Structure formats: C-alpha cells, structure tokens
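# Observations on the model geometry
One-letter residues, chain by chain:
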Amino acid sequence: MRRALPAVALLTLTACTTGPALENRGEVTAPPGDSHHLTIGSAGFTESDLLAQMYAQLLNRAGYRTSMITVANRELYEPALESGQIDVVPEYAATFADWLNAKAHGADAEPVGSPDLGRTMKALRRLAASRGLSVLPPGRAVDQNAFAVRADYAREHRLRTLGDLGASGLRVRLAAGDECVRRPYCAPGLKKVYGIDITGVDPKGVGTTQAKRAVQEGRDQMVLTTTTDATLDSFGLVLLADDRHLQNADYIVPVVNRARAGSEGVAKALGKLNDVLTTADLAAMNQQVDSWRRLPADVARTYLKEQGLLR
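Here goes a summary of the coordinates provided. Only a predicted model underlies this, so the values are computations on that prediction, with no experimental measurement involved.

### A look at the overall build of the protein
Scanning the protein from terminus to terminus reveals 13 helices and 10 strands. Taking 2.2 N^0.38 as the reference for a compact globule, 311 residues should give roughly 19 Å; the C-alpha atoms of the protein span a radius of gyration of 20 Å, in line with that estimate. Taken along the three principal axes of its C-alpha coordinates, the protein extends 55 × 45 × 35 Å. Burial statistics for the protein: of 311 residues in total, 51% are counted as buried. For the protein, contacts bridging at least 24 residues in sequence account for 76% of all contacts bridging at least 6. Total accessible area on the protein stands at roughly 14400 Å², and carbon and sulfur atoms take up 50% of it. Separation of charge centres in the protein, based on 37 positive and 35 negative side chains, amounts to 3 Å.

### Describing the packing of helix 2 (residues 46–61) against helix 13 (residues 296–306)
Contact geometry for helix 2 and helix 13: axes closest at 8 Å, N-to-C directions at 55°. Relative to helix 13, helix 2 is oriented oblique. In the packing of helix 2 onto helix 13, the handedness of the crossing is right-handed. Of the residues in helix 13, those touching helix 2 at D49, L50, Q53, M54, Q57 and L58 are P296, A297, V299, A300, R301, Y303 and L304. Here the contact of helix 2 with helix 13 is composed, by residue class, of 9 nonpolar, 2 polar and 2 charged.

### Observations concerning the nonpolar core
Counting 33 residues, the largest nonpolar core has M54 and L273 as its most contacted members. Among the secondary structure elements, those contributing two or more residues to this core are strand 1 (37–42), helix 2, strand 3 (88–92), strand 10 (252–257), helix 11 (264–274), helix 12 (279–290) and helix 13. For this core, the leading source of residues is helix 2, giving 8 residues. For L273, the contacting residues outside a window of four places in its chain are M54, Y55, L58, Y303, L304 and L309.

### A few points about the side chain of K212
By the element assignment, K212 lies in helix 9 (residues 209–216). One polar contact links K212 to D229, side chain to side chain, over a distance of 2.8 Å. Each residue touching K212, except ones within four places of it in the same chain, is listed here: G207, V223, D229, T231, L232, F235 and L237.

### A word on unusual backbone geometry
Residues other than glycine seldom take positive phi values, yet R158 does so here, at roughly 55°. With respect to the helices, strands and loops of the structure, R158 is situated in the loop between helix 6 (151–156) and helix 7 (162–168). Even without being glycine, H245 reaches a positive phi, approximately 60°. With respect to the helices, strands and loops of the structure, H245 is situated in the loop between strand 9 (237–240) and strand 10.

### With respect to the pairing of strand 10
Both faces of the sheet carry side chains from a regular strand, because those side chains alternate between them. Of all the 6 residues making up strand 10, 6 are buried; the element is thus mostly covered by neighbouring parts of the structure. Judged by which residues are buried, strand 10 turns out to be covered on both faces: I252, P254 and V256 on one side and V253, V255 and N257 on the other are all buried. In the sheet, strand 3 pairs with strand 10 via 5 bridges, with the strands oriented antiparallel. By the bridge assignment for strand 10, P90 is matched with P254. Bridge count for strand 4 (residues 133–135) against strand 10 is 3 bridges, and the pairing is antiparallel. Looking across to strand 10, one finds that V135 is bridged to V255.

Rules used in this analysis
- Residues numbered from 1 in each chain as written.
- Predicted model: local features only at pLDDT ≥ 70, side-chain atom pairs only at ≥ 80, totals over all residues.
- Heavy atoms only, no water.
- Helix = DSSP H or I, 4+ residues; strand = E, 2+ residues; numbered from the N terminus.
- Rg over C-alpha atoms; globule rule 2.2 N^0.38 Å.
- Buried < 20%, exposed > 50% of the residue type's maximum accessible area, 1.4 Å probe, protein only.
- Contact = heavy atoms within 4.5 Å.
- Areas by Shrake-Rupley, 256 points an atom, 1.4 Å probe, with all protein chains shown as cover.
- Lys, Arg positive; Asp, Glu negative; His and termini not counted.
- Charge placed at Lys NZ, Arg CZ, Asp CG, Glu CD.
- Axes fitted to C-alpha atoms, helices over the stretch in contact; angles between N-to-C directions.
- Parallel < 35°, antiparallel > 145°, perpendicular 65-115°, else oblique.
- Left-handed = near helix turned anticlockwise from the far one by under 90°.
- Nonpolar A, V, L, I, M, F, W, Y, C, P; charged D, E, K, R; others polar.
- Core = buried A, V, L, I, M, F, W, Y, C linked by side-chain atoms within 4.5 Å.
- Polar contact = N/O pair within 3.5 Å; in protein donor to acceptor, adjacent residues only side chain to side chain.
- Pairing = 2+ DSSP bridges.

Distances and angles like these do not, on their own, reveal function.
Given below as structure tokens:
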C-alpha cells in the first residue's frame, strides 16, 4: 500500500512534476492506466471525507488497494492529482471547471461553469484532459449554494421557491459571506434573476451557526447555505427551491489521474455510487458525522451496505 504523503511533501514534489508538459497541454498524452494501488484524496471537510471513504471502500471491493490522504487546499491537491501522487478525488463539476479554467487562462477568465450540466461537463472534461485527468460521469447528488428561510415565515407568506419570494415584494436581509454582495450567484443574482429586494448582506459566513441563528431569531430573513446542509430542521429553517436555476451545476464527480486510474475498472467501481447516492442521502450522512459524531468511514460503510454495494 502506498503511504499517504503529508501536505508539505506534496508541496515540495508537485513543484517539480505537475502533469503533461506545457507543449502537450490540450491533448491526452497518456493511455488509461490501471494501478491497483490507489491514493484517494479528501479536501478535509465532512462531505469530502465521506465521499473519499465511499470511493475507497468501493475500490477495495473491486480488488484495488487504497490509501487515504487529506489535503485541504485545492492549490496543493490538484497538482498532486496531475502528478499521480493522488489518484482519485471527489470534486464539484462547475466549481472545478471554473478553477481549472482560471488556472489555465487567468483569474479574470470568463467562467465556464453554468447551471447547464451538459455544458459544464464538456468544459470540465476538456480542461481536465489537457492536464492528464479524467472526469467520470456525475450522479444525482449535487451540492449547490442554496437559500433558506424560517419555516413559519415561509408558511405565512406562502413561499416554496425563490420565485415566490421575488413575487412577494418582501424586503430581505441576507445572512451570508461578505463576498455575497458581488458574487453573481448571490445578492446580485437574487436581484436580477428573481427580483428579490435584498436590503443588505449580514456577513456571518456561508451556512454557519451564527448565520442560521440570525434568521432563526428574525434579525435576518434568509441565509445562504448549501443543498446538503442537514442542520436546517434544528434551526426551524427550510430551503426555497432555485426554480429559475441561478446556481451552477455543482454535481459530484470523481476526478482521476488518467495514467494511473483511468481504467474501466475504476470507472465501473465508482459508477455504482451514481446509481444510488442522492443529495438527501449525502445531507443525512453529513448530519451523522457533524451532529452525531460518527466517523466518516463508519457512516460510509453503513450506507454502502444498506444500498447493497458492500457485503
């Protein structure tokens, strides 16, 4: 089994080897590989840990030996993925597409991620292939930005969607990160796409306890969180549906080093998760780790067994 490298070692080694040579960028230069010793990467937050554990356990079931590594910084783990120090990571389609695009064309490059999954995946696969990476098919699970209000507020004003909120004419103070004032998916998009009267942004972070309490207590009317936030019920909050598709297609996708893990065997093993995993499933597993203090490996194993993917 390959020993997981610490982040410091990754930083040192990836400075020297980061995938295809510059003159070969834009074309796939390596045939699909099938190493039976694979390192699975996690970005170090609950959901990424759960996905990485499920990937590892499915690959083990398929006959691969795996080791795990946590590298919280994408600036470190993506070059390590290119170089083969990491072989497989869970990613988010639109976010990763935009990150690779900015890496290739500069921070001011026009975003390629969009609410259209097909268009997003096409752009992502093109950008990934030029770096020796393959992007496997997405499943049904998606972790997008989402907006929640108090359940009684929603009932009082008959709100089920963001479109309903825009049509209501209600004035809304939004608890979110401070970047929300300029991000197109946040306050500007809510105003432009939905006509929501955003009176201000309360800079309490994305989906933080502090932000959700501000809405629970009525100081703010809506909070920016994610579709896999499993704590909303405990704050008396409900999500409003993104009925006009403001948010990008951040479906969960496995990204692999093509030369080491680009085989049909890896794709088949990980593809089994696509047949079962939903956004609600992922939210429930996040809750088990974050609220019930269960280990990600145990939660992942229980889920896979319940779905008939492990014995």
